[in-house]
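# Inside the fold
Each chain is listed here by its residues.
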Amino acid sequence: MRVNDKNYRTVWMQENTVFLINQNLLPFRFELFESSDWETSCMVIQTMIVRGAGAIGATAGFAMAQAALQAPEADYINYLLEAKTAIEATRPTAQNLFAATARVHAKALISRDEAVNEAQQIAQEDLDACMTIGKLGNTLIPDQARIETHCNAGWLAFVDHGSALSPIYEAAKQGKKPFVLVDETRPRSQGARLTAWELFNEHIQHRIIADNAGAHYMSHGMVDLMIVGADRIAANGDVANKIGTLEKAIVAKEYGIPFYVAAPSMTIDWLCATGVDIPIEERSEEEVLFQTGINKSGELTTIQVASPESEAWNPAFDVTPAHLIHAIITEKGIFKPSELNRMQ
Ligand code: MRU
């Protein structure tokens, strides 16, 4: 990804330090965050300094590698297990997190060096998968397509390139001039803050739309296709993604608009038979009741935006059933949800 004409990854590890773009400050401030121990890397995932399935997975892998580097010789095995349990408790839905900790933990049992190499390998695989998703997904995008997307499944949600946005970046590179309708994606507004900022940096035409405007634009023939990411995909093709995705898929079906999901194969949880088995994270009600942004003086400020006496519910994800999804774009090919197991 290019930010101010410099190439970045969302997250990377050098020696024992993990470097991350601090997503809580975007789009207002671009700052890097450094984590030199696995406990801080857990905090980084939990507080969403890093977020998005692929980026969470890479960070969790690096955190597990940091734990291997920190583990005392005398208590190596127990220390690793405790760290794994703590890393896995940070966020429950993104499958990439669990796949990464399992892989790095297994290598850590062989040696510290193997753990670090495995974590670096996972990050590289994420990047490569997203690049291939871009190339394959681009074949589904006609010239001048108007594409709606939800939340942020771009560079920032992965090590680089993104899943849902990668085909759009590729289409733009091929001169197809895509136009993107960006769902703001309350309560944390990853669409309005992160996706819009990415598209701006890529010089791609877009408009931010209120979450409840999607049906309006779809019913007026202003959306040609929809592409979203995924946090976990069940074996039957049901997809957990950012809260609000289900609603968009239902509306897209009503208006005959193709609804695509893009995700690396690492996001598939073959042990989850259907979407009912996917754990859905419930986050703090504060995210619904308060909003953070900059005031007119440019200071980052949090304000209350709801009735002070009221409480809120805040599920972070919902599950879109396979029958509402046209196809799932992975680095291994484009699959009908019902035919996902052909990949195995
Ligand atoms: O809560 P988040 O921001 O970590 O949620 C993840 C998402 O951004 C989306 O649901 C995305 O479409 C899938 S993650 C690549």
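Relative to each other, helix α1 (residues 38-46) and helix α2 (residues 53-70) sit at 165°, their axes nearing to 8 Å. Taken as axis vectors, α1 and α2 run roughly antiparallel relative to one another. When you trace α1 past α2, the crossing you get is left-handed. Contact residues: Trp38, Glu39, Ser41, Val44 and Ile45 in α1; Ile56, Thr59, Ala60, Ala63, Gln66, Ala67 and Gln70 in α2. Considering only residue class, the contact of α1 with α2 consists of seven nonpolar, four polar and one charged.

A separate point is the sheet that holds strand β18 (residues 333-335). Judged by pairing direction, the sheet is mixed, and its seven strands sit side by side in the order β8-β7-β6-β9-β12-β17-β18 without closing on themselves. Edge strands, defined here as strands with exactly one partner in the open sheet, are β8 (206-209) and β18. Neighbour-to-neighbour, the strand axes of this sheet turn through a mean angle of 25°, independent of strand direction. Alignment of strand β12 (residues 259-262) against strand β17 (residues 327-330), held across three bridges, turns out to be parallel. Counted as the bridge partner of tyrosine 260 is alanine 327 from β17.

The subject of this paragraph is the domain arrangement of the chain. By the assigned domains, the chain splits into domain 1 (2-130), domain 2 (134-281 + 314-343) and domain 3 (282-313). Taken over C-alpha atoms, the centre of domain 2 sits 26 Å from the centre of domain 3. Across the contact, 10 residues belong to domain 2 and 11 residues belong to domain 3. Summed over the three residues of domain 2 that lose the most area to domain 3, namely Arg186, Glu281 and Asn314, the buried surface amounts to 59% of that side. At the boundary of domain 2 with domain 3, the tally comes to two salt bridges. The partner of arginine 283 in a salt bridge is glutamate 281, and the shortest N-O contact between them spans 2.8 Å.

This paragraph deals with the packing of α2 against helix α4 (residues 95-108). Packed helix pairs are specified by the crossing angle of their axes together with the interaxial distance, meaning the distance between the axes. Running from N to C, α2 and α4 point in directions that differ by 25°, and their axes come no closer than 8 Å. With respect to α4, the element α2 is oriented roughly parallel. As α2 runs across α4, the sense of the crossing is right-handed. Judged by residue contacts, Ala53, Gly54, Ile56, Gly57, Ala60, Gly61, Met64, Ala65 and Ala68 of α2 engage Asn96, Leu97, Ala100, Thr101, Val104, His105 and Ala108 from α4.

All right, on to the side chain of histidine 105 then. Position of histidine 105 among the secondary structure elements: in helix α4. Look past the residues within four positions of histidine 105 in its chain and what remains in contact with it is Met64, Leu80, Leu81 and Lys84.

Attention now moves to the site of the ligand. Every one of the 18 residues lining the ligand counts as a neighbour, but Arg51, Arg91, Asp231, Asn241 and Lys242 are closest to it. Between an oxygen atom of the ligand and a side-chain N or O atom of arginine 51, the distance comes to 2.4 Å. Asparagine 241 places a side-chain nitrogen or oxygen 2.7 Å from an oxygen atom of the ligand. When the ligand is considered free in solution it has 400 Å² of accessible area, and contact with the protein chains removes 100% of it. Put simply, the parts of the chain that give the shell around the ligand at least two residues each are α2 and β11 (239-242). Each residue belonging to the shell around the ligand can be placed in one class, and the counts come to nine nonpolar, five polar and four charged. When we break the shell around the ligand down by domain, the ones giving at least three residues each are domain 1 (2-130) and domain 2 (134-281 + 314-343).

Rules used throughout
- Residues numbered from 1 in each chain as written.
- Predicted model: local features only at pLDDT ≥ 70, side-chain atom pairs only at ≥ 80, totals over all residues.
- Heavy atoms only, no water.
- Axes fitted to C-alpha atoms, helices over the stretch in contact; angles between N-to-C directions.
- Helix = DSSP H or I, 4+ residues; strand = E, 2+ residues; numbered from the N terminus.
- Parallel < 35°, antiparallel > 145°, perpendicular 65-115°, else oblique.
- Left-handed = near helix turned anticlockwise from the far one by under 90°.
- Contact = heavy atoms within 4.5 Å.
- Nonpolar A, V, L, I, M, F, W, Y, C, P; charged D, E, K, R; others polar.
- Pairing = 2+ DSSP bridges.
- Domains from an automatic or database assignment.
- Buried area = accessible area lost by both parts, 1.4 Å probe.
- Salt bridge = Lys/Arg side-chain N within 4 Å of Asp/Glu carboxyl O.
- Near = heavy atom within 4 Å.
- Polar contact = N/O pair within 3.5 Å; in protein donor to acceptor, adjacent residues only side chain to side chain.
- Areas by Shrake-Rupley, 256 points an atom, 1.4 Å probe, with all protein chains shown as cover.

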